[in-house]
Amino acid sequence: MVEDLRLDSLEGVGPVTTRKLSDAGVHNVMDLIVRGPVEIAAITGMEKDTAEKIVEKARQHLVEGGIIASHFTRATEIYKHRQNIGKITTGTNCLDTLFDGGLETQALTEVYGEFGCGKTQFAHTMSVMVQKSKEEGGLDGSVLYIDTENTFRPERIVSIAKAHDMDPEKVLDRIIVARAYNSSHQILILEESGPVIEENNVKLIVADSAVGLFRAEYLGRGTLAVRQQKLNHFVHLLSRIAETYNCAALATNQVMASPDVFFGDPTRPIGGNVVAHTSTYRIYFKKSGKKRIARMVDSPHHPEEEVIFALGEAGVIDPEDIDKKTTKKVIVKKSTKKTKDLEIEATVETPEIEATVETPEIEATVEIESDDFEPTEE
Ligand SMILES: Nc1ncnc2c1ncn2[C@@H]1O[C@H](COP(=O)(O)OP(=O)(O)OP(=O)(O)O)[C@@H](O)[C@H]1O
Ligand SMILES: [Mg+2]
């Protein structure tokens, strides 16, 4: 299989072309498809015609090997090809329901939401879950984790792995972290990722955050076109890699407030339409007190629905699990009267009490102000 993907296994591709391609970071037949003829010509300096011929040969080679679909395909063939799609459990019932079984391979899933809504926690959780065996809902695969904000935390991986009865050391060992320092580096990591994906049986690629560096580097309206073009390149590459290597791609995207939106949710992904159009699935995470809401926004075959989840030591968790733990903690703290504790909790949440709490505060500030003024006047 690996032998078949070597560049020189293509007819007419000799040592000189192979060298030219590998110098430009194109290491195997898959990479030719992922990068496409326009890019191959640009990075190797070869004629566009030649690049087109080589990429076409690569495509035929992979069609013959049953790795990718041909131009014209019967729906039965596509259906068969889609049977190879793997799903990675989220480790929760609620998100598995939303995802209709889990995160899919051959697809780019975008998770967007404001800061602290759990995008990174979700990425960490999925990096552990993909390593579970197929029987347990994983794909027995490794992870390529592109960290652009320096928020990857091995400690969290250890906690999540322990919570799922997995050996933390083994789990850490199967996560390959690539720290991206700028947007060009972020693109380069992906361009060079082919051999890493293949050699390590990578089944999940995380880009957390996919958009942050692009936003930070290309400021102002004048640079918007270039930024979107580069971002477009990155997300398309990610999407093509997911399809070609049959792995799941997960991109996170922070949202910013749009004051000009009066109807619907006043937030939108900073990646704008670029990420949205390329993603197969888009999920919106929203804070709701201690819990979180996940909404399937855009999917070719899922209904638009919402579920409630939570964050905990085990990463993303079912809301029932946080309730169980909270109740337990309350009982430990106030160990004497369980029934009274519960009653107090219920009344605190009612809006009436919140209103009465606010009034004395206002009264108090009026008094303090008048006290302050008196001495200065004297
Ligand atoms: N060990 C833990 N146990 C429980 N909850 C945790 C734990 N670690 C982090 N959290 C929760 O995760 C939240 C942060 O989530 P996360 O870092 O995933 O946000 P994010 O969506 O990636 O934000 P940003 O856009 O800033 O990157 C914290 O506010 C906290 O509620
Ligand atoms: Mg984050």
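Enquirer: Got a minute to help me understand the overall build of the protein in this structure?
Expert: Secondary structure assignment for the protein yields 16 helices and 12 strands. Sorting the 378 residues of the protein into buried and exposed places 37% on the buried side. Across the protein, the fraction of contacts at a sequence separation of at least 24, relative to all contacts at a separation of at least 6, is 65%.

Enquirer: Looking at this structure, how should I read the site of ligand 1?
Expert: Around ligand 1, 13 residues are found, and the nearest of them are Phe115, Lys119, Thr120, Gln121 and Leu311. Contributing elements (two or more residues each) for the shell around ligand 1: α6 (119-129) and β11 (306-312). If you tally residues by element for the shell around ligand 1, the top one is α6, at three residues.

Enquirer: What is the right way to read the packing of α6 against helix α7 (residues 154-163) from this model?
Expert: For any two helices packed against each other, the geometry comes down to the angle between their axes and how far apart the axes lie. Axis separation between α6 and α7 bottoms out at 9 Å; the angle between their running directions is 55 degrees. In terms of orientation, α6 and α7 fall into the oblique class. For the pair α6 and α7, the sense of crossing is right-handed. Of α7, the residues touching α6 (which contributes His124, Thr125, Ser127 and Val128) are Arg156, Ile157, Ile160 and Ala161.

Enquirer: Quick question: what am I supposed to make of the confidence of the model for the protein here?
Expert: Predicted coordinates in areas of low pLDDT are best not read in detail. For the protein, per-residue confidence averages 81 on the pLDDT scale, and residues scoring 70 or more make up 79% of the total. Contacts of residues 259-264 to residues separated by more than four positions or lying in other chains number one contact, the stretch itself having pLDDT below 50. Low confidence marks residues 326-378, where pLDDT is under 50. Its contacts with residues over four positions away, or in another chain, come to five contacts.

Enquirer: Just to check I follow, could you spell out the packing of helix α9 (residues 183-191) against helix α12 (residues 224-244) for this structure?
Expert: Contact geometry of α9 with α12 gives a least axis separation of 10 Å together with a crossing angle of 20 degrees. Judged by the angle between their axes, α9 and α12 are roughly parallel. Between α9 and α12 the crossing geometry is left-handed. Contacts from Ser183, Gln186, Ile187, Leu190 and Glu191 of α9 reach α12 at Lys230, His233, Phe234, Leu237, Leu238 and Ile241. Looking at the contact of α9 with α12 residue by residue, the class counts come to six nonpolar, three polar and two charged.

Enquirer: Explain the environment of Tyr181 here, please?
Expert: Tracing the chain through its elements places Tyr181 in the loop between β5 (175-179) and α9. Judged by local crowding, Tyr181 falls into the exposed class, with 11 C-beta atoms found within 10 Å. Once the C-alpha coordinates of Tyr181 and Asn150 are considered, the two residues, 31 residues apart in sequence, prove to be 9.2 Å apart.

Enquirer: Just checking my understanding: could you explain unusual backbone geometry for this structure?
Expert: Glycine aside, residues mostly have negative phi angles, and peptide bonds mostly take the trans form. Of note, the amide linkage connecting Asp208 to Ser209 takes the cis form, showing an omega dihedral of -10 degrees. Tracing the chain through its elements places Ser209 in the loop between β6 (202-208) and α11 (212-217). Even without being glycine, Gln106 reaches a positive phi, approximately 60 degrees. If you trace the backbone, Gln106 turns up in the loop between β2 (103-104) and β3 (108-113).

Enquirer: Looking at this structure, how should I read α12?
Expert: Note: α-helices contain 3.6 residues per turn, so residues at a spacing of three or four share the same orientation. The terminal C-alpha atoms of α12 lie 30 Å apart, and with 21 residues this matches the ideal 30 Å at 1.5 Å per residue to within 8%. Listed in full, the buried residues belonging to α12 are Arg227, Leu231, Phe234, Val235, Leu237, Leu238, Ser239, Ile241, Ala242 and Thr244. After α12 finishes, the residue Asn246 shows a positive phi value of roughly 50 degrees.

Enquirer: Help me out: how do you make sense of the environment of Leu144 in this one?
Expert: Take Leu144: it is sitting in strand β4 (residues 142-147). Leu144 gets classed as buried once you count the C-beta atoms within 10 Å, which come to 24. Between the C-alpha atom of Leu144 and that of Ile197, which follows or precedes it by 53 residues, the distance is 7.5 Å. Residues contacting Leu144, with those up to four places away along its chain left out, are Ile176, Ala178, Ser193, Val196, Ile197, Val202 and Ile205.

Enquirer: Just to check I follow, could you spell out the nonpolar core for this structure?
Expert: What tends to happen in soluble globular proteins is that the nonpolar side chains get buried as a cluster. Counting 82 residues, the largest nonpolar core has Leu204, Ile205, Leu238, Ala249 and Leu250 as the members making the most contacts within it. Looking at this core element by element, the count peaks at seven residues for α12. Three or more residues apiece are contributed to this core by two domains, here domain 1 (3-81) and domain 2 (85-319). Each residue touching Leu250, except ones within four places of it in the same chain, is listed here: Leu103, Thr109, Val111, Ala123, Met126, Leu204 and Val206.

Enquirer: How do you make sense of the environment of Glu39 when you look at a structure like this?
Expert: With respect to the helices, strands and loops of the structure, Glu39 is situated in helix α2 (residues 29-44). Along the backbone, Glu39 and Ala51 are 12 residues apart, and their C-alpha atoms lie at a distance of 8.8 Å.

Enquirer: Got a minute to help me understand the pairing of β6 in this structure?
Expert: The side chains of a regular strand alternate, residue by residue, between the two faces of the sheet. Within β6, seven of the seven residues are buried, which leaves it mostly tucked inside the rest of the structure. Pairing geometry for β4 and β6, over six bridges, is parallel. Following the sheet pairing, Tyr145 is matched in β6 by Val206.

Thresholds applied
- Residues numbered from 1 in each chain as written.
- Chains lettered and ligands numbered in written order.
- Predicted model: local features only at pLDDT ≥ 70, side-chain atom pairs only at ≥ 80, totals over all residues.
- Helix = DSSP H or I, 4+ residues; strand = E, 2+ residues; numbered from the N terminus.
- Buried ≥ 20, exposed ≤ 12 C-beta atoms within 10 Å, placed from the backbone.
- Contact = placed C-beta atoms within 7 Å.
- Near = placed C-beta within 6 Å.
- Axes fitted to C-alpha atoms, helices over the stretch in contact; angles between N-to-C directions.
- Parallel < 35°, antiparallel > 145°, perpendicular 65-115°, else oblique.
- Left-handed = near helix turned anticlockwise from the far one by under 90°.
- pLDDT = per-residue confidence, 0-100.
- Nonpolar A, V, L, I, M, F, W, Y, C, P; charged D, E, K, R; others polar.
- Expected span 1.5 Å × (residues − 1).
- Core = buried A, V, L, I, M, F, W, Y, C linked by C-beta atoms within 7 Å.
- Domains from an automatic or database assignment.
- Pairing = 2+ DSSP bridges.

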